[in-house]
Amino acid sequence: MTYKGRFAPSPSGRLHFGSIVCAVAAFLRAKSQDGLCCLRIEDLDLERCKTGNTKAILDDLNTLGFVFDGEVLIQTQNTKRYIEQGDYLFTNNEAFYCSCTRALLKQRPCSCSSLHLEKSDNTALFYKVKNNKGSFNDALRGEVFVDNIQNTVCLIRKDGIISYNLACVTDDIDMGITEIVRGADLIDITPVQIEMYEAFKACKPNYLHIPLALMDENHKLSKQNHSKAALDLMAPEKVLIKALEFLNQDISNLHTLSCRQILQKAADRFTLSSINTTDKVISIN
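Quick caveat: nothing in here was measured; it's all calculated off a predicted structure. (Residues numbered from 1 in each chain as written. Predicted model: local features only at pLDDT ≥ 70, side-chain atom pairs only at ≥ 80, totals over all residues. Heavy atoms only, no water.)

**Student:** Could you clarify how one ought to interpret the overall build of the protein chain in this entry?
**Tutor:** Regarding its fold elements, the protein chain presents eight helices and 13 strands. The globule rule puts the C-alpha radius of gyration for 285 residues at 19 Å, and the 20 Å found for the protein chain is close to it. Taking the principal axes of the C-alpha coordinates as reference, the protein chain spans close to 65 × 40 × 35 Å. A burial count over the protein chain gives 50% of its 285 residues as buried. (Helix = DSSP H or I, 4+ residues; strand = E, 2+ residues; numbered from the N terminus. Rg over C-alpha atoms; globule rule 2.2 N^0.38 Å. Buried < 20%, exposed > 50% of the residue type's maximum accessible area, 1.4 Å probe, protein only.)

Here it is in structure tokens:
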């Protein structure tokens, strides 16, 4: 089977260094195995994903020399499919509709899963998590164990917004993704997503969770933490080399190359075992 990976940024702003590290890792992991790496824009959170940000991300990726395989999947253009998948889970008793308000949930636990509510303007769709503990094999970390998993996960909000988990799993199934390379902040949700693959009767992908780039000991680099666009701080070639350095890859003889040449050279000598599993504070300037 041909290796197929993906990079799936959320267009809540331009690419910060942490996102670029993830893009580099996903791209090199795929290309080092003569595989494919696709691009998906996860823009379902309309409050955070402003108009114009998708183009800005595409421009940044182009400046950095990335050439992804196939057409770009834009999640807001795929909402009909997510609703179909939500309906499937509901029909097969894997999900339930909930009418609870936040105020009500402060007074008592939700009991909607036993009420068999139907879809309406006042209900949200929730997945029923089967196990409060889970484990999976990570290509970098080995066997990973997750405890204290929440017993429900929102799939579709009352306002109709599709959740990350429903869209992510649906897209990875439909795209035929064989391995997911992403940040370690998503380790905890992985067992739930694996359950959802089983609920959809789909083969689960492999996983590879890379360390996080931190702005300080307590906060990762992210748009929510107001991390600046990496390409506003450094030349694109230097950003790529710094990302490779973060991933403990060989950066010798790369400093005179173009971005595309850097990525090609880095893919040829990519070494997974060199990547450290520890999150690291990084300074970008």
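**Student:** Teacher, can you tell me more about the packing of helix α7 (residues 236–246) against helix α8 (residues 259–268) here?
**Tutor:** Look at α7 against α8: their axes get within 9 Å of each other, and the N-to-C directions meet at 20°. Comparing their axes, α8 and α7 come out roughly parallel. Crossing hand, α7 versus α8: right-handed. Facing P236, E237, L240, I241 and L244 of α7, the residues of α8 in contact are C259, I262, L263 and A266. For the contact of α7 with α8, the residue count by class is eight nonpolar, no polar and one charged. (Axes fitted to C-alpha atoms, helices over the stretch in contact; angles between N-to-C directions. Parallel < 35°, antiparallel > 145°, perpendicular 65-115°, else oblique. Left-handed = near helix turned anticlockwise from the far one by under 90°. Contact = heavy atoms within 4.5 Å. Nonpolar A, V, L, I, M, F, W, Y, C, P; charged D, E, K, R; others polar.)

**Student:** Before we go on, may I ask you to explain the pattern of salt bridges in this structure?
**Tutor:** Side chains bearing opposite charge may pair, as long as their charged atoms lie close to each other. Throughout the structure, instances matching the rule amount to 15 salt bridges. Here D232 makes a salt bridge to R14, at a shortest N to O gap of 2.9 Å. Placement of D232 in the loop between β12 (219–220) and α7 and of R14 in the loop between β1 (4–7) and α1 (17–31) is noted, with a sequence separation of 218 residues between them. On the basis of relative accessibility, which here comes to 56%, the residue D232 falls in the exposed class. The exposure class of R14 is partly exposed, given its relative accessible area of 31%. Here R40 ties to D172 by a salt bridge, and the two come within 2.8 Å at their closest N and O atoms. Remark: D172 occurs in helix α5 (residues 164–175) and R40 occurs in strand β2 (residues 36–41); sequence separation between them is 132 residues. When its relative accessible area of 0% is taken as the criterion, R40 is described as buried. (Salt bridge = Lys/Arg side-chain N within 4 Å of Asp/Glu carboxyl O.)

Purely geometric numbers; function is a separate question.
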